[in-house]
Every structure is written in C-alpha cells, then in structure tokens.
Amino acid sequence: MQIEKKYQSLLDDLINFLKNMKYLTDNNVESAFRNFPRHEFILSSELDRAYYNEPLPIMKNQTISQPGVVSRMSEWLDVKDGQNILEIGTGSGWQTAILSCLVGTGIVHSIEIHPKLEKFARKNLEKFCLDNVNVILGDGSVGYPKASPYDRIIITAACMEIPLPLLDQLAYDGLLLAPVGDTSQSLVLLKKTSKGIIEIKNESNYVFVPLLGKFGKKN
Ligand code: SAM
C-alpha cells in the first residue's frame, strides 16, 4: 500500500526514534512497520497522533499498543517464515498485520474477545487483502486448540500468570511472549523444551490492559 505523503515523514521520524532508542533493530520489522502504516489501524479521531510513540484509545476502553512496544514484541518473538502463530488480543489488528508480514507463508490466528473490536480489526485488515490471517471472536485465554500446536504465541494483554492452556498449545521449541503482572508488568519470553518451560528474556516496566476471560483477570 502506497502511504499518503502527509504520513510518510511522520512514519520516518517514528522509525528513526525507535531505532535510536534501540526498540527497533530488525530490518524485517522495519519493513513490516512501513508496509502496515499505523494510521490505517486507528480511529479517525486519533489520526493526528498516529505516529506518536504512545498507545491510543480504540474502543471498549482498549488501546492500540505503543509502537515501541509492538516493535520490541515483534523482535523478541523471532518469527520465521512458514510458522503457525497465535495472538491473543487482536485489538486494532496492527500487531496482527505486522506478524502476517513476518510469517510470510505461515499463518497468524488472532483472537479478540470484544465483538466491536473484532469487527474493527477485520475492517482494518481487509484493506490489505491478507491471505495468512485468521481473526477469531472468542476468549483467547483458553487458546485456540483447533489450530495448535503453535510455534509462537503472543499475548497482548496483561496476565497475572500465563494461562495453562496456552502453554499446552505451544509446540516444543516454541516461544511464548506475554506481559505478566498486575498494575505494572514484565514482558516475559518463554521457551517450551522437552525438559520444561524456560525463561529466555524478562524486562520490567510495561503497562497493558488486563487479559479478560476464563484464565484472565479475576474481579
Ligand atoms: N496489539 C493490539 C493492537 O496493536 O491494536 C492491541 C491489543 S490491546 C493492548 C489488548 C487486546 O486484548 C484488547 O483488544 C482486548 O479486548 C483483548 N483481550 C483482552 N482479553 C482477551 C481475551 N481473553 N481474549 C481475546 N482478547 C482479549
């Protein structure tokens, strides 16, 4: 998709900022950011802020994630061509689109719990005619066993602990990335091995909206 002129320099500035801050180091993730301009995934009321490094409101008190967080998560997930990916929390569909670019001949299954957001994401993604994205309306805290096992699982909402069904649905040698914690979270990257689950990376001071559903936040 050809990006409109008025957004091109804003996107370039954002990318330079993310590179300087070391939130963006991978050329494939940079290409994905350029192929899927963020302004195509937000509400028209927020267009002026499309290329700020900030989360922005979408609907149902949810947000499109901050660009620096999306680039960091996309890089940590280390997606390879042809993989089978599960995303919990489609939101606007922006992270989904970036994953679809990284996975190439593979597929991204993305689950959203709010019907209004599932529709919003579908509408945003339809503009790009992607044939490797499967958006599902449902509770992602129980996963999507039908298409498991997954090479990569990404949770884009805060969990108190990783839902066990998601660990079950992760393939051996697969990676799972999630923000874990209550009011502030650590971004945690886990690997499933034949000897058990091991932590690969952990970085504190993130803030995500809570994961809802059966294995999500209890009120
Ligand atoms: N990465 C998304 C983007 O780029 O727009 C933003 C995701 S937003 C921070 C978190 C999303 O997770 C929200 O859309 C929320 O409705 C969704 N969510 C929360 N709990 C969920 C669950 N149990 N299953 C599926 N989606 C869930």
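Residues numbered from 1 in each chain as written. Predicted model: local features only at pLDDT ≥ 70, side-chain atom pairs only at ≥ 80, totals over all residues. Heavy atoms only, no water.

### Regarding the layout of surface pockets
Line of reasoning, step 1. There is about 630 Å³ of room inside the largest pocket.
Line of reasoning, step 2. Tallying contributions element by element places helix 3 (residues 67-77) first for the lining of the largest pocket, with four residues.
Line of reasoning, step 3. Counted by class, the lining of the largest pocket contains 19 nonpolar, 17 polar and three charged residues.
Line of reasoning, step 4. Taken together, Asp26, Asn28, Ser31, Ser74, Glu75, Asp78, Val79, Cys101 and Leu102 make up the full set of residues lining the second largest pocket.
Line of reasoning, step 5. Elements supplying a minimum of two residues to the lining of the second largest pocket: helix 2 (27-35), helix 3 and helix 4 (94-103).
Line of reasoning, step 6. When the residues that make up the lining of the second largest pocket are grouped by side-chain class, the tally is three nonpolar, three polar and three charged. (1 Å grid on protein atoms, 1.4 Å probe; cavity = no way out; pocket = protein on both sides within 12 Å on 5 of 7 lines; lining within 4 Å. Points joined across faces, edges and corners; volume = space filled by probe spheres on them. Helix = DSSP H or I, 4+ residues; strand = E, 2+ residues; numbered from the N terminus. Nonpolar A, V, L, I, M, F, W, Y, C, P; charged D, E, K, R; others polar.)

### Section: the pattern of salt bridges
Line of reasoning, step 1. Applying the stated criterion to the full structure yields 10 salt bridges.
Line of reasoning, step 2. Across the salt bridge formed by Lys19 and Glu30, the nearest N and O atoms sit 2.8 Å from each other. Linking Lys19 in helix 1 (residues 5-20) with Glu30 in helix 2, this pair joins segments that are 11 residues apart in sequence.
Line of reasoning, step 3. Relative accessible area serves as the criterion here: at 13%, Glu30 is assigned to the buried category.
Line of reasoning, step 4. Notably, a salt bridge pairs Asp78 with Lys80, separated by 2.9 Å at the nearest N-O pair.
Line of reasoning, step 5. One continuous salt-bridge network, built from bridges that share partners, spans Asp12, Lys19, Glu30 and Arg34. (Salt bridge = Lys/Arg side-chain N within 4 Å of Asp/Glu carboxyl O. Buried < 20%, exposed > 50% of the residue type's maximum accessible area, 1.4 Å probe, protein only.)

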